[in-house]
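Inside the fold
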Amino acid sequence: MSATKKPKRVAIIGTGYVGMACCIGFAEFGHQIVGYDILPERVRALQAGITPYREAGIGESLLTHLLNGRVSFVDDLPSAVSAADFIIVAVGTPSHADGSADITAVENVVTALTQMELHGATVVIRSTVPPGTSEWIADALRGNAHVVFAPEFLREGSAVHDFLNPDRVVVGAESRAIGMRYGDLFEHLSKPVLVMSLRNAELAKGMSNAFLAMKISFANEVANLCDDLDADALDVLEAVGYDKRIGRMFLQPGIGFGGPCFEKDLKSLISVSKSANADSHMLSATLHVNDRQPLRIVRTLIEEMGGSIDGARIGVWGLAFKAGTDDVRDSLALRIVEELASQGAEVVAYDPAIDGSAINLPCTFAGSALEAAEADALLVLTEWPQFRAVDAWALARRLRQKVVVDGRNILDIDAMSAAGIRYRGVGRRRTAESVEFAEAG
Ligand code: UDX
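Residues numbered from 1 in each chain as written. Predicted model: local features only at pLDDT ≥ 70, side-chain atom pairs only at ≥ 80, totals over all residues. Heavy atoms only, no water.

**Considering the sheet that holds strand β13 (residues 403–406)**
Spatially, β11-β10-β9-β12-β13-β14 is the arrangement adopted by the six strands of the open sheet, whose pairing is parallel. Pairing within the sheet leaves two strands with one partner each, and these edge strands are β11 (364–365) and β14 (422–424). (Pairing = 2+ DSSP bridges. Helix = DSSP H or I, 4+ residues; strand = E, 2+ residues; numbered from the N terminus.)

Written out as structure tokens, the structure is:
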């Protein structure tokens, strides 16, 4: 923050991943933060410096800013917002059964805010909401507060880093002046601040996630084709991704995308398109490919196991929807474990971030990666770096049928094959001959 600028008072409503990244991020910028959550036990834990989930960059910074007095938490909304310049709304918007977004929590916060004196504060909606929602909020708070919609593009596992290093700041507002009240908080980062209408910003958020999800489904479709054609998808996608117009990120084939955002946001956009009688072929295809990908991984395993896994013991490495988090929301690894069990397999799982007693799954839990590999075959479902480091020979000694299906393409194909393991990645049906060809150079 520039020395001439006064720190702002920022209230954060909702202390999930997005709320906490804003809390730490704005404190790092030098502002004064009051966090509020509807769960009093969470507020108490945060007051004591305990975060309810694993997230890089939050734990230590939280303690620092609690101690220097820049961050505090309260369990009543009026005292959180009474003196705030900015009121950040970061509460959850899950899916209804029909795929549309359930914005009840946002509505409840807005209804409560309409009962309070906000002294012209800026209410910043960071929850992902369908197009049109922020216009309704602006109307509801007119005369009491200004409203902006500022979508988050934060990845779990690096949310604070992403907050502090945005590619761009998108701000939806009813006027440029209102939008820049929020945009100015990021001035010192010298990143593009894109001010647009509330509705355009809501769509920009949804379409960013849709495009990223589409890239992943595209990569998975390429990988599946490579499997069928005995080609290597990593070579193919690397060549594709080096084209600057395409880009290499989010082209890693695997078990499909999981987590609390992509699937939910795609379903919400499809529902919005339906209501507007618009086509959503690409969005639907993206979801369709993703729904099938976990079954494809199970099919690969069954193929390698000679046609059945009934009665087989299958080790599973990883349950979190990606490495660096203990979040299993919409994790495709869970769907795969359920599918394995429904096919008669006895599943033993290990994830370094997950305590098995906390989740209800048809499997037992091992205390280490190698213990989980005391099985007939092994499936890798989360790309934890420690799995990469496991010695191939140690793995081979434990696996009875020496089959590894690597749903994240993280293990060394040559080390696996040297240790006598039948290894299948996603889009990597590399034959012994092709390995020799590569070595002959
Ligand atoms: C995502 C968006 O990236 C973020 O901008 C948005 O605000 C919230 O949703 P997040 O869900 O935390 O973030 O995780 P992300 O890193 O995007 O990964 C989502 C899923 O896609 C994970 O299951 C991941 O393993 C998978 N993925 C990602 C792939 O399968 N291949 C890839 O190339 C990238």
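**Structural notes on unusual backbone geometry**
Glycine aside, negative phi is the norm for most residues, and most peptide bonds take the trans geometry. At Lys-402, a position not held by glycine, the phi torsion is positive, near 50°. With relative accessibility at 29%, the residue Lys-402 sits in the partly exposed group. A positive phi is found at Asn-409, a non-glycine position, where the angle reads about 55°. Classification of Asn-409 by relative accessible area gives buried; the value is 12%. (Buried < 20%, exposed > 50% of the residue type's maximum accessible area, 1.4 Å probe, protein only.)

**Points about the packing of aromatic side chains**
Evaluation of the coordinates by the stated rule reveals 14 aromatic pairs. With a centroid separation of 4.9 Å and 80° between ring planes, the pair formed by Phe-26 and Phe-163 is classed as edge-to-face. Separated by 137 residues along the polypeptide, Phe-26 in helix α1 (residues 17–28) and Phe-163 in helix α7 (residues 159–164) bring together distant segments of the chain. The exposure class of Phe-26 is buried, given its relative accessible area of 0%. Phe-163 sits in the buried class, given a relative accessible area of 3%. A connected cluster of aromatic rings, assembled from ring pairs, spans Phe-26, Phe-29, Phe-86, Phe-163, Tyr-182 and Phe-186. Its end group placed over the ring of Phe-153, Arg-168 keeps NZ or CZ at 3.7 Å from the ring centre. (Phe/Tyr/Trp six-rings, centres within 6.5 Å; stacked < 30°, edge-to-face > 60°. Lys NZ or Arg CZ within 6 Å of the ring centre and 35° of its normal.)

**With respect to the pairing of strand β3 (residues 71–74)**
Strand residues, when the strand is regular, have side chains that alternate between the two faces of the sheet. A one-sided burial pattern is seen for β3, the buried positions being Val-71 and Phe-73 and the unburied ones Ser-72 and Val-74. Alignment of strand β2 (residues 32–36) against β3, held across four bridges, turns out to be parallel. In the sheet register, Gly-35 faces β3, and the bridge partner there is Phe-73.

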